[in-house]
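# Fold and contact review
Spelled out, the chains give:
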Amino acid sequence: MTATDPRPLTGEPVSLDLLNTRWNEEGVRQDLLTGVEGLTVWLTANGLADRFAAGATTLRHTLAARDALSALVDAPGDPAATARVDAVLDHGRIRATLTAEGPGEEAEFADPAWGPGWTAARDYLHLLRTAPDRIRACAHEACILHFFDTSRNGTRRWCSMAICGNRAKASRHYARTKES
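Quick look at the structure, then.

### A look at the overall build of the protein chain
Tallying secondary structure elements over the protein chain gives 6 helices and 6 strands in all. From first element to last, N terminus to C terminus, the protein chain shows the α and β order α-β-β-α-α-α-β-β-α-β-β-α. Seen through its C-alpha atoms, the protein chain measures out along the principal axes to roughly 70 × 35 × 35 Å. Across the 180 residues of the protein chain, 40% fall into the buried class. Sequence-distant contacts in the protein chain: of pairs separated by 6 or more residues, those separated by 24 or more amount to 48%. Entry remark: accessible area of the protein chain is about 10,300 Å², with carbon and sulfur atoms responsible for 52%. The positive charge centre, built from 21 side chains, and the negative charge centre, built from 23, are 7 Å apart in the protein chain.

### A short note on the pairing of strand 2 (residues 28-31)
As defined by bridge partners, strand 1 (residues 22-25) adjoins strand 2 across 4 bridges and the pair is classed as antiparallel. In the strand pairing of strand 2, Asn24 is matched with Arg29. Between strand 1 and strand 2, which pair antiparallel in sequence order, lie 2 residues; one of them, Glu26, sits at a positive phi of approximately 55 degrees.

### Quick word on the nonpolar core
If you look at soluble globular proteins, the nonpolar side chains tend to sit buried side by side. If you look at the biggest cluster of nonpolar residues, it comprises 42 residues, and the most contacted ones within it are Trp42 and Cys159. At the level of elements, helix 1 (14-19), helix 2 (36-45), helix 3 (56-74), helix 4 (79-89), helix 5 (115-130) and strand 6 (146-148) are the ones that each hand at least two residues to this core. Looking at this core, the element that brings in the most residues is helix 3, giving 7 residues.

### Topic: unusual backbone geometry
The backbone of Glu26 sits at a positive phi, close to 55 degrees, despite the residue not being glycine. Relative to the helices and strands, Glu26 resides in the loop between strand 1 and strand 2. For Glu26, a relative accessible area of 79% puts it in the exposed group.

### Concerning the packing of aromatic side chains
Applying the stated rule across the entire model yields 2 aromatic pairs. For the pair Phe52 and Phe109, a centre-to-centre distance of 5.7 Å together with 70 degrees between the ring planes defines the contact as edge-to-face. In this pair, Phe52 sits in the loop between helix 2 and helix 3 while Phe109 sits in strand 4 (residues 102-109), placing the two residues 57 residues apart along the sequence. As far as burial versus exposure is concerned, Phe52 and Phe109 are alike and both buried. With centroids separated by 5.2 Å and ring planes inclined at 80 degrees, the aromatic side chains of Phe109 and Trp118 adopt a geometry described as edge-to-face.

### So, the pairing of strand 3 (residues 92-99)
Pairing between strand 3 and strand 4: 8 bridges, direction antiparallel. Its bridge partner being in strand 4, Arg95 is matched across the sheet by Glu106. Here strand 3 folds back onto strand 4 in antiparallel fashion, the turn holding 2 residues.

### Overview of helix 5
In a regular helix each residue adds 1.5 Å, so 16 residues correspond to 22 Å; helix 5 covers 22 Å between its end C-alpha atoms and thus fits that length. Of all the positions in helix 5, only Gly115, Pro116, Gly117, Trp118, Thr119, Ala120, Ala121, Asp123, Tyr124 and Leu127 are classed as buried.

### Focus on the pattern of salt bridges
When charged atoms on two side chains of opposite charge get close, those side chains can pair. For the structure shown, the criterion picks out 10 salt bridges. For Asp17, the salt bridge goes to Arg7, with nearest N and O atoms at 3.1 Å. Of the two residues, Asp17 is situated in helix 1 and Arg7 in the segment before helix 1; the sequence distance between them amounts to 10 residues. On the accessibility criterion, Asp17 (1% relative accessible area) is buried. Overall, Arg7 belongs to the buried group, its relative accessible area being 6%. One connected set of salt bridges, linked through shared partners, spans Arg93, Arg95, Glu106 and Glu108.

What counts as what
- Residues numbered from 1 in each chain as written.
- Predicted model: local features only at pLDDT ≥ 70, side-chain atom pairs only at ≥ 80, totals over all residues.
- Heavy atoms only, no water.
- Helix = DSSP H or I, 4+ residues; strand = E, 2+ residues; numbered from the N terminus.
- Buried < 20%, exposed > 50% of the residue type's maximum accessible area, 1.4 Å probe, protein only.
- Contact = heavy atoms within 4.5 Å.
- Areas by Shrake-Rupley, 256 points an atom, 1.4 Å probe, with all protein chains shown as cover.
- Lys, Arg positive; Asp, Glu negative; His and termini not counted.
- Charge placed at Lys NZ, Arg CZ, Asp CG, Glu CD.
- Pairing = 2+ DSSP bridges.
- Core = buried A, V, L, I, M, F, W, Y, C linked by side-chain atoms within 4.5 Å.
- Phe/Tyr/Trp six-rings, centres within 6.5 Å; stacked < 30°, edge-to-face > 60°.
- Expected span 1.5 Å × (residues − 1).
- Salt bridge = Lys/Arg side-chain N within 4 Å of Asp/Glu carboxyl O.

In C-alpha cells form, the structure reads like this:
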C-alpha cells in the first residue's frame, strides 16, 4: 500500500510535479523524496509506478533530475543549468514505433533507473515548446511551488488561491487595518 501524498499541490505536469516534491509548510522545508517510500508516492501520483521500480538508484537519479530542473527554472537559459538537464536527457531516447493504432513513440533507457527523471526532463522540454511563459513559480514569498498556468487569460499568480492567494489577501488586509 502506497502512503498518502502529503504535498499541498499535486496534478501539475510531471516536470513541475517533480519540483513540487519540495515545499514549505509553516516555514519548514519539506521533501517528499527523502527515501524510496516518498519516491513510490511520487511515481504513483504521476502514473509511473507501473513502468519504473522505486529503488535507491532510481531515487538518486530522480533527485539529480530534480536538481537539474530546479537550477534551470531558477536561471532560465543559464548554460550550466541547461547542461545539467541535457545530461539527464542523455540517459534516454525516443524510439519511433508502429502499432496497431498507428505511429507511436516509446522511451528507451540504457538504465531504467533514469526513467522517471528523464521523463520529467522531457516533459519540461514539452512545456517550453508549448508555452514557456506559462511556467510559473507561486507569487507568495514563502512558497517554493511551481505550476503551469492553464487559466484562460494567463494571469494565475498562486499555486493555490485557497492557500497562498488567501494568505496574501489576509496579509494585505492586516496591513491595511494596522495602518488605520
